[in-house]
Amino acid sequence: MRPLSLRRALTGAFVAAGLLVGGWIGLGEMRGVASVFDPVETLTLDWRFLLAGPRMAPDGVVVVAIDDETLSDASGHALSRALMAKIVLALAASHPRVVALDFAFPDAKEGDAELANALRATPSVVAAIGLFGESAGTAPRAAPELALTAKPTRILWPTQAIADAAFGIGLANVSTDRSGVPRYIPMLFTIDDGVAPSLALAAASTAAGEDPIVADDAIVVQGRTIRLDLGYHLPLRFYGPSRSFRRISAADLIGGAADPATVRGKIVVLGMTATGLADTFATPFDRVTPGVDVLATAIGNLAGGDRLVRGPATRRIDAATTALLPVAVLGLLALRRAAVGFAAVGLVLAVWAAAVYVAFLEGFWLAVAAPLSLALALGVAFAAARIVVERAEGGRLAAEKSALAKFHSPLLIDRIASEPDFLAKPVRQEAAVLFLDLTGSTGVSEALGPEWSRDMLKTMQTLVEGALAAHRGVVINYMGDGVLAAFGLPAPEAGDARRALAAVERLAADLSVWIAGLPAEATGRLDFRIGAHFGPAIVSRLGSPDHQQITLAGDTVNAASRLLEVAKERHCRIVVTEDLVRAARAGGDEAFDLSGYEAATVPIRGRAASLEVRMRR
């Protein structure tokens, strides 16, 4: 298989794998199935929050904190229902829109009646707690549209007195990731007799003065459609840095130090922040955030309309990206020039990351971990596989080239490898043609035997190859003790004639030294002749479809071969034509040394016109 076809097959296999794995992961994303990418995804989400910078909480939500000072003023650290009633009454005097109590009151205690009376004094919602995975009872079955909603197995409801006094009740549960960071607030919970709202939703709808409308993957509060994630989960869009919500100490409130205007007409979230008593969570802006701030964040997202959007639509985008981003990366890495492919991959990933970040700034949570992890994993695997395949292919081609180099010039091998149809049709071009012949080799072979003759020819041909290769000449054919070579293959170049003359000089020098070093039986009998000519020639393939060789034909070739006869008749070693000399000088080598040559005009057997030549002994 050719390298290009092999690379295409490798690319196709990886693309198919990417589409298959990416489609499977994307399908899981659309269905909300937990995956190994979730921890990385939430980490990248935190980075996006931090990179986006501070986000101030909406002015319409105020946190009233039961802090250390509040408990200290209450003569002890026990949080009594009477103290809670006192705080609620102080709030009621300031006329908030609603008071959301981030407290559950599942057990009857002293002061319940007092707290119930306080709750009636102002619009208020109180918390219930859903328990999950307990043996007492089983999770209720839900309608198909509620299949992914949170389904507590048991609920700790407030006491009847408190429940009757409050305007609404909502579950205060949050959904955290594996590291304990709250990512979602379930808006609806499936319970035995239907659905129950979250505390955040109960507070927002009470503040709006109307019940929420449940739609497909959304809820409508006061005419505002709030898109939710699967199972009616609200992704939290955190405010920060820490304490970004306006916060009032409950001690200042009941002591009269707080300005009533601070809470007038606002959604008030009442919760515990006292040391050791408050439930805390890690968030992108603060590693220790009171749970009341998390609840306030959810209410702010609902009431302020600045929520983080993640739902079926964005998950479909995530699924498509998870399948297609690796395909794009693989396609770019498959480019013939690997450096260009890597640069293009970097650019594509940078543009995609920028688009994801801009989408986040606009309030859309698009997945990063799954598409990027799969793209990088497949990209690295493909790059490694390509290196292995191309190295193996390169080794095989190098071995083939090395083997072919024993039969053809490397110049021709490279051209044929890159252009298999090279010279499929004959080409007319200018070329310098050189013939070389050993004289007296028949008598020497007779005197010294066939083994020595073989070694002699091998040594001679090695000298010829070295001299021609040094001047970009190509051996067309060895003919016993003769050689046909050309300059201008695989394509004519400026300086072909000059290099041919230079090769003639080197050949003459090398062969003279070689002959001088032969045994006495050969030294006095062996000699050489060289003829070289320049002109138009037909370069083509010759042979059957299964076995071909490159050859030259035409008057230039015939005339060059006859120059060996001229050399024999004139008792000289070298005969070059004036056409070759003029072509060499036209290439810019006016100073070419021909002082040892004798000019003559000689007839050429079988040719009507004579040739002007230069001859040298």
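Described below are features of the structure shown in this document. Being a predicted model, the structure only gives us computed values, none of them experimental.

To continue, consider the overall build of the protein chain. For the protein chain, the count of helices and strands is 19 helices and 25 strands. For the protein chain, the C-alpha radius of gyration of 46 Å lies well beyond 25 Å, the compact-globule estimate for 617 residues. In terms of principal-axis extent, the alpha carbons of the protein chain reach across some 140 × 50 × 45 Å. Counting across all 617 residues of the protein chain, residues that qualify as buried make up 49%. A separation threshold of at least 6 residues defines the contact pool for the protein chain, and within that pool the share at least 24 residues apart is 73%. When the accessible area of the protein chain is evaluated, it comes to approximately 28,900 Å², of which 57% is carbon and sulfur surface. On the protein chain, the mean spot of the 59 positive side-chain charges and the mean spot of the 63 negative ones are 6 Å from each other.

Attention now moves to the packing of aromatic side chains. What the rule picks out here adds up to seven aromatic pairs. Both rings, one in Phe-49 and one in Phe-238, keep their centres 5.7 Å apart while their planes meet at 70°; by these two values the pair is edge-to-face. Highlighted residues: Phe-49 in helix 2 (residues 38–52) and Phe-238 in the loop between strand 13 (233–235) and strand 14 (246–249), separated in sequence by 189 residues. With respect to class, Phe-49 is no different from Phe-238; both count as buried. Each ring, one from Tyr-184 and one from Trp-365, has its centre 5.9 Å from the other, and the planes form 25°; the classification is stacked.

Side chains Ile-574 and Val-576 of strand 23 (residues 574–577) all project onto a buried face; the interleaved residues Val-575 and Thr-577 project onto the opposite face, where all are buried too. Across three bridges, strand 21 (residues 527–544) lies against strand 23 in parallel orientation. Residue Ile-530 lies in a different strand from strand 23, and its bridge partner there is Ile-574.

A few words on the packing of helix 10 (residues 312–333) against helix 11 (residues 338–361). In a packed pair of helices, the relevant descriptors are the angle between the two axes and the axis-to-axis distance. The N-to-C vectors of helix 10 and helix 11 enclose an angle of 155°; their axes lie 7 Å apart at closest approach. One way to sum up the angle between helix 10 and helix 11 is to call them roughly antiparallel. Facing Thr-321, Leu-325, Val-329, Leu-332 and Leu-333 of helix 10, the residues of helix 11 in contact are Gly-341, Phe-342, Ala-344, Val-345, Val-348, Leu-349 and Trp-352. Per-class residue counts for the contact of helix 10 with helix 11 are 10 nonpolar, two polar and no charged.

Gly-240 connects to Pro-241 through a cis peptide bond whose omega is 5°. Mapped onto the elements, Pro-241 comes out in the loop between strand 13 and strand 14. Residue Leu-489 is joined to Pro-490 through a cis peptide bond whose omega torsion reads 5°. Phi at Tyr-232 is positive, roughly 60°, even though this residue is not glycine. Note on placement: Tyr-232 falls in the loop between strand 12 (224–227) and strand 13.

By secondary structure assignment, the location of Arg-307 is in the loop between helix 9 (291–304) and helix 10. For Arg-307, which is buried and forms no salt bridge, the nearest opposite charge comes from Asp-306, at a distance of 7.0 Å. Among the polar contacts listed, one links the side chain of Arg-307 to the backbone oxygen of Thr-225, at a separation of 3.0 Å. Those residues in contact with Arg-307, other than ones at most four positions away along the chain, are Arg-224, Thr-225, Ile-226, Arg-227, Leu-234, Arg-237, Asn-301 and Gly-363.

Now for the pattern of salt bridges. Going through the model one piece at a time under the given rule, you end up with 25 salt bridges. The residue Glu-41 makes a salt bridge to Arg-48 at a minimum N-O spacing of 2.9 Å. The burial state of Glu-41 is the same as that of Arg-48; both residues are buried. A salt bridge links Arg-582 to Asp-579; its shortest N-O distance comes to 2.6 Å. Of the two residues, Arg-582 and Asp-579 are both situated in helix 19 (residues 578–586); the distance of three residues between them amounts to about one turn of the helix. The exposure class of Asp-579 is partly exposed, given its relative accessible area of 28%. Through salt bridges with shared partners, a single network forms among Glu-29, Asp-229, Arg-310, Arg-315 and Asp-318.

Thresholds applied
Residues numbered from 1 in each chain as written. Predicted model: local features only at pLDDT ≥ 70, side-chain atom pairs only at ≥ 80, totals over all residues. Heavy atoms only, no water. Helix = DSSP H or I, 4+ residues; strand = E, 2+ residues; numbered from the N terminus. Rg over C-alpha atoms; globule rule 2.2 N^0.38 Å. Buried < 20%, exposed > 50% of the residue type's maximum accessible area, 1.4 Å probe, protein only. Contact = heavy atoms within 4.5 Å. Areas by Shrake-Rupley, 256 points an atom, 1.4 Å probe, with all protein chains shown as cover. Lys, Arg positive; Asp, Glu negative; His and termini not counted. Charge placed at Lys NZ, Arg CZ, Asp CG, Glu CD. Phe/Tyr/Trp six-rings, centres within 6.5 Å; stacked < 30°, edge-to-face > 60°. Pairing = 2+ DSSP bridges. Axes fitted to C-alpha atoms, helices over the stretch in contact; angles between N-to-C directions. Parallel < 35°, antiparallel > 145°, perpendicular 65-115°, else oblique. Nonpolar A, V, L, I, M, F, W, Y, C, P; charged D, E, K, R; others polar. Salt bridge = Lys/Arg side-chain N within 4 Å of Asp/Glu carboxyl O. Polar contact = N/O pair within 3.5 Å; in protein donor to acceptor, adjacent residues only side chain to side chain.

Honestly, it's all geometry; don't read function into it.
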